[in-house]
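# Residue-level structure breakdown
Chain by chain, the residues run as shown.
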Amino acid sequence: MKFDLITTDQELQQFCTETAGQDFLGFDTEFVSENLYRPQLCLVQAATRQRTVLIDSMVIRDLTPFWSLICNQIETVVAHAAREEFLFCYRESGQRPSNLFDLQIAAGFAGFDYPAAYSTLVEAHTGTRLAKGETRTDWRVRPLSQRQMQYAAQDVEHLLVLYERFQRGLERRGRTGWYREEVTAWMNQLEEFERSPAWIRLSGLNRLSRRSLAIVRELSSWRDQTASAVNRSPRRILPDDLLLEIAKRGEADAARVKAIRGLSNRVSGKHLPEIVDQVQAAMAIPEADLPEKIRGAPSVNLGILGQFLQTGLNLICVREKIAPGLVANVQDVRDLAGRMLGMLDPEEPLRLDSGWRREIVGTAFSELLSGKLALRVASVNREQPLEIVRWEPGENSQ
């Protein structure tokens, strides 16, 4: 595959200038994230209808022209499983890529499993089997070999053909609106993830008192600043489980903190005084200024009924040719059933009770629960032996 390697600011600016105003640009990234505060961008692959380039971000540190290009000067930007690509762009520019088309999400609306690998989609639509020999490459090391660059370039080689096929498929099925709703919600969630404080995302907070939450907040803020300064993962500074254990105990005594099982061999001793300082600061916060208690997410366990409805969801998705994994998880199904059975607050927002998901499963679930629809074995010899049918009781039915 032919590509150009861009290693200077001038070459990057020239590429961005000649590409501005085009209707399509596909891109991907290679990065290293293990044990780092944030993933380190090592290479950007970009493809237009005319040209493929590799932008060496280990040499060109300022990619502002590229982020400006994809945010403001391209009609449609295409990527696959673009979480990190979106975040690289958003963190550097404060903007979203222009009209981002994520192939993985689009594939879910076309009946592929979700999440589907890029190699799976390429092979299904082009018959090409992608090489996998560089999946464990350390992309920070220079110079890059020809084999590494070819491997990287293949990740954008097929974006255009996949985009055009999935775009036509969405239009043909009348699902363009569903897709756009989903990708917008996904980008909103990523932006919220970036804006929200790290401590609020820890699991198990709904079981903590307001004072313990204050300790979590102070320790998490300190941990984040410390990790950023040394470019290490925050969990390498203070693991989540130890942070929560310190918060539960609420003790600002160095000896008692140090005695927590596992702390001495998982946390640097130099951090112990700083940890104690954060606990002391949290203990001194006036009651009125403590964080509010965190409500647990609504959740119900419907046992066998939940399994029945999960099977129903899978059958609906087969019929509609949409990936079950894109529509809902097991708890989403149980929560919607719980809402319909009066077990949950009707005002509590649920994924399956809004937008395109409601169109697909809302009515069907209601009719399954009321007995208007039924599951039956259609044929044990079919690939999918079960089916949903409308229940029409006979004269002797009770």
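The present account deals with the structure reproduced in this document. Every chain is numbered on its own, with residues counted from 1 as its sequence reads. Two thresholds apply to this predicted model, a pLDDT of at least 70 for residue-level local features and 80 or more for giving and counting side-chain atom pairs, whereas whole-chain, interface and lining totals are computed over all residues. Computation of side-chain values covers all heavy atoms of the structure but excludes hydrogens and water.

A word on the overall build of the protein. From N to C terminus, the protein includes 18 helices and eight strands. Overall, the protein is about 80 × 60 × 35 Å in size when its C-alpha atoms are taken along their principal axes. Relative to its 398 residues, the protein shows a buried fraction of 45%. Residues count as neighbours in contact if any of their non-hydrogen atoms are within 4.5 Å of one another. Look at the contacts in the protein between residues 6 or more apart in sequence, and 65% of them connect residues 24 or more apart. Reported accessibility uses the Shrake-Rupley method at a 1.4 Å probe radius. Residues are deemed covered only where the shown protein chains occlude them. With an accessible surface of roughly 20700 Å², the protein has 46% of that area assigned to carbon and sulfur atoms. Within this scheme the basic residues Lys and Arg register as positive and the acidic residues Asp and Glu register as negative, but His and the chain ends are omitted. The location of each charge is read from NZ of Lys, CZ of Arg, CG of Asp or CD of Glu. In the protein, which carries 50 positive and 53 negative side-chain charges, the distance between the mean positions of the two groups comes to 4 Å. Every helix listed is a DSSP run of H or I at least four residues long, and every strand listed is a run of E at least two residues long, numbered separately from the N terminus. Working definition: with a 1.4 Å probe on protein chains only, accessible area under 20% of the residue-type maximum means buried, over 50% means exposed, and in between means partly exposed.

For strand E3 (residues 40-47), the tally of buried residues reaches seven of eight residues, placing the bulk of the element in the interior. In this description, strands pair whenever DSSP reports at least two bridges between them. As paired elements, strand E2 (residues 24-32) and E3 share seven bridges and run antiparallel to each other. Bridging from a neighbouring strand, phenylalanine 27 pairs with alanine 46 of E3. In this sheet, strand E4 (residues 52-55) lies alongside E3 in antiparallel orientation, the contact comprising four bridges. Residue pairing for E4: alanine 47 is matched across the bridge by threonine 52. In this structure, the hairpin formed by E3 and E4 is closed by a connection of four residues.

Before going further, it helps to examine the packing of helix H15 (residues 304-320) against helix H18 (residues 355-370). Think of two packed helices as two axes; the pair is described by the angle between the axes and how far apart they sit. The convention used is that axes are lines fitted to C-alpha atoms, helices contributing only their stretch in contact, and that angles between N-to-C directions extend from 0 to 180 degrees. At a closest axis distance of 11 Å, the pairing of H15 and H18 adopts a crossing angle of 135°. Taken together, H15 and H18 sit at an angle that is classed as oblique. The handedness of the crossing between H15 and H18 is right-handed. For the pair formed by H15 and H18, the contact residues are Leu305, Phe308, Leu309, Gly312, Leu313, Ile316 and Glu320 on the first element and Ile360, Val361, Ala364, Phe365, Leu368 and Leu369 on the second. Ten residue types, Ala, Val, Leu, Ile, Met, Phe, Trp, Tyr, Cys and Pro, are classed as nonpolar, four, Asp, Glu, Lys and Arg, as charged, and the remainder, Gly among them, as polar. Class assignment of the residues belonging to the contact of H15 with H18 gives a composition of eleven nonpolar, one polar and one charged. Roughly parallel covers angles under 35 degrees, roughly antiparallel covers those over 145, roughly perpendicular covers 65 to 115, and oblique covers all other angles. For any helix crossing, the convention is left-handed if the near helix is rotated counterclockwise from the far helix by under a right angle, and right-handed if that rotation is clockwise.

This brings us to a positive patch on the surface. Residues enter patches when they are more than 30% accessible in relative terms and free of salt bridges; like-charged ones are connected within 9 Å and nonpolar ones (Val, Leu, Ile, Met, Phe, Trp, Tyr) within 5 Å. A carboxyl oxygen of Asp or Glu within 4 Å of a side-chain nitrogen of Lys or Arg is what we treat as a salt bridge. A surface patch of like charges, here positive, comprises Arg165, Arg168, Arg172, Arg173 and Lys321. Mapped onto the secondary structure, lysine 321 falls in the loop between H15 and helix H16 (324-327). Judged by relative accessible area, lysine 321 falls into the partly exposed class, the value being 46%.

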